[in-house]
Structure formats: C-alpha cells, structure tokens
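# Residue-level structure breakdown
If you want the building blocks of each chain, they are given just below.
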Amino acid sequence: MKKIIAFGASSSKKSINKQLAAYAAGQFENASIELLDLNDYEMPIFSMDKETESGIPQLATDFYNKLGTADLLVISFAEHNGAYSTAFKNIFDWTSRIDSKTFQEKQTLLMATSPGPRGGSSVLETAKNRFPFQGAIVKGSFSLPSFNENFDEKDGITNEDLKNQLLEIVSSITL
C-alpha cells in the first residue's frame, strides 16, 4: 500500500489548510494516510548562529525522515501576508540544512485555501515555483477560495465545480 503524508503548512490548531490536506489525501484510493501537525515540529527560529552553536535540531531530522517515508506529499499552505506561515518556513529552513532537496524527489500535491476569495493563491504560486528546486516533483496544484463557503467539515468541498477540479488532479496522480 502506498503512503501519503499530508499536512497543513500552519500551526493553527484549527487549521483550515490541515482540513483541506486531510480531505484531499482521503480522495486517493488504496493508500495509507499520515496527517502531520506542524506543532509537533516546533523549533527555535532558524539562524546560522543557532546552527553553529547547537547544530540542527532533532525535530528537523525527524521531519525530513518522515517526508522520506512518503510516496506522495499533500501540502496545503496557509498564506500569511502573501507568503508561507512562519511555522512552516522555519521547519522548511531547518530541514533544508539537512538536504537542499528537502522533498527528496517525492510526488507532491500543493494546495492552499483561505477564508478569502483568492484562496491563498500568492503562497501557492511561491511554492509551485520554489518546490521543484527543493526536490519536489509537483504533480498538481489546487486553490480553494472562500473556505467557509466552499468546505464542510463532514462533507468536504461542497462546490461541485471546485470538487471536480480537485478530483481531476487526484485522478491524474499515479501512486
């Protein structure tokens, strides 16, 4: 059975991006899903001085190793001022010190959502452009606008057009 690792790139305990990542991962058939919580990987803010003084935190190594166990990564980005959340950026910075190919040539589905009508499109574009340089094989991307109007905790994506867009992407990815 193939393994999917999914997470919302946010430290919010009620992360809408974690909800979207879990939902999207659940659309793949015959796969085991491990849903990560970035709060389990909280580390000091990255700096060269901290790395020199203390080395790379064990949690960065744990996160990197966890990514290495996946056949597919499903990541949904929170957008903070048009960019990655600080929680994700910090984990990303530390993990990239282990290997610049942080995503280890794994197939990756990149997503974003927000309460607003742009659905995190700025951060999603940033990730789509950056992740291939970091070793991600980007197989698709999806933005869900206006999360609260288009997603239900029980039923998932409620807008049929948006749901079909995601399902089309999911069906194009071979595990």
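Right above here is the structure, for reference.
Our subject in this report is the structure included herewith.

Moving on to the sheet that holds strand E3 (residues 72-77). A sheet is described by the order of its strands in space; here 5 strands give the open sequence E2-E1-E3-E4-E5, paired in parallel fashion. Of all the strands in the sheet, just strand E2 (31-36) and strand E5 (136-144) have a single pairing partner and so form its edges. The sheet shows a mean angle of 20° between the axes of neighbouring strands, taken without regard to direction. Here strand E1 (residues 2-9) pairs with E3 via 6 bridges, running parallel. Residue Ala9 lies in a different strand from E3, and its bridge partner there is Phe77. Sheet strands touched by helix H5 (residues 121-130): E3, strand E4 (106-113) and E5. Its angle to E4, the strand with the most contacts, is close to 165°. Along the sheet, helix H7 (residues 160-172) makes contact with E4 and E5, crossing E5 at roughly 170°.

As a further point, take helix H1 (residues 16-25). Every buried residue belonging to H1 is among Asn17, Leu20, Ala21, Tyr23, Ala24 and Ala25, and all of these are buried. The N-cap residue of H1 is Ser15: its side-chain oxygen and the backbone nitrogen of Asn17 are 3.1 Å apart.

Moving on: the nonpolar core. Among the nonpolar cores identified, the biggest contains 27 residues, and Phe7, Ile75, Phe77, Phe88, Phe103 and Phe131 are the most heavily contacted of them. For this core, the elements supplying multiple residues, two or more each, are E1, helix H3 (58-68), E3, helix H4 (86-96), E4 and H5. Looking at which element gives the most residues to this core, the answer is H4, with 4 residues. In this structure Ile75 touches Phe7, Ala9, Phe103, Thr108, Leu109, Leu110, Met111 and Phe131, once residues within four positions along its chain are discounted. Membership of the second largest hydrophobic core comes to 23 residues, among which are Ile4, Ala24, Met111 and Ile173.

For H3, the full list of buried residues reads Ala60, Phe63, Tyr64 and Leu67. Projection of H3 onto a plane perpendicular to its axis shows the buried side chains occupying an angular sector of 95°, all on one side. On the buried face of H3, the contacting elements are E1, E2, E3, H4 and E4.

Turning our eyes to something else, we now look at the pattern of salt bridges. The tally for this structure, following the rule as stated, stands at 6 salt bridges. One salt bridge in this structure joins Glu34 and Lys3, with 2.9 Å as the shortest N-O distance. Of the two residues, Glu34 is situated in strand E2 and Lys3 in strand E1; the sequence distance between them amounts to 31 residues. Linking Glu34 and Lys66 is a salt bridge whose minimum nitrogen-to-oxygen distance equals 2.8 Å. Note that Glu34 is positioned in strand E2 and Lys66 in helix H3, a separation of 32 residues in sequence. For Lys66, a relative accessible area of 24% gives the class partly exposed.

Taken together, the 8 bridges between E4 and E5 define a ladder with parallel strand orientation. Bridging from a neighbouring strand, Leu109 pairs with Gly140 of E5. Handedness of the crossover joining E4 and E5 through H5: right-handed.

Rules behind the numbers
- Residues numbered from 1 in each chain as written.
- Predicted model: local features only at pLDDT ≥ 70, side-chain atom pairs only at ≥ 80, totals over all residues.
- Heavy atoms only, no water.
- Pairing = 2+ DSSP bridges.
- Helix = DSSP H or I, 4+ residues; strand = E, 2+ residues; numbered from the N terminus.
- Axes fitted to C-alpha atoms, helices over the stretch in contact; angles between N-to-C directions.
- Contact = heavy atoms within 4.5 Å.
- Buried < 20%, exposed > 50% of the residue type's maximum accessible area, 1.4 Å probe, protein only.
- Polar contact = N/O pair within 3.5 Å; in protein donor to acceptor, adjacent residues only side chain to side chain.
- Core = buried A, V, L, I, M, F, W, Y, C linked by side-chain atoms within 4.5 Å.
- Arc of directions from axis to C-beta.
- Salt bridge = Lys/Arg side-chain N within 4 Å of Asp/Glu carboxyl O.
- Right-handed = clockwise from strand over helix to strand, strands pointing away.

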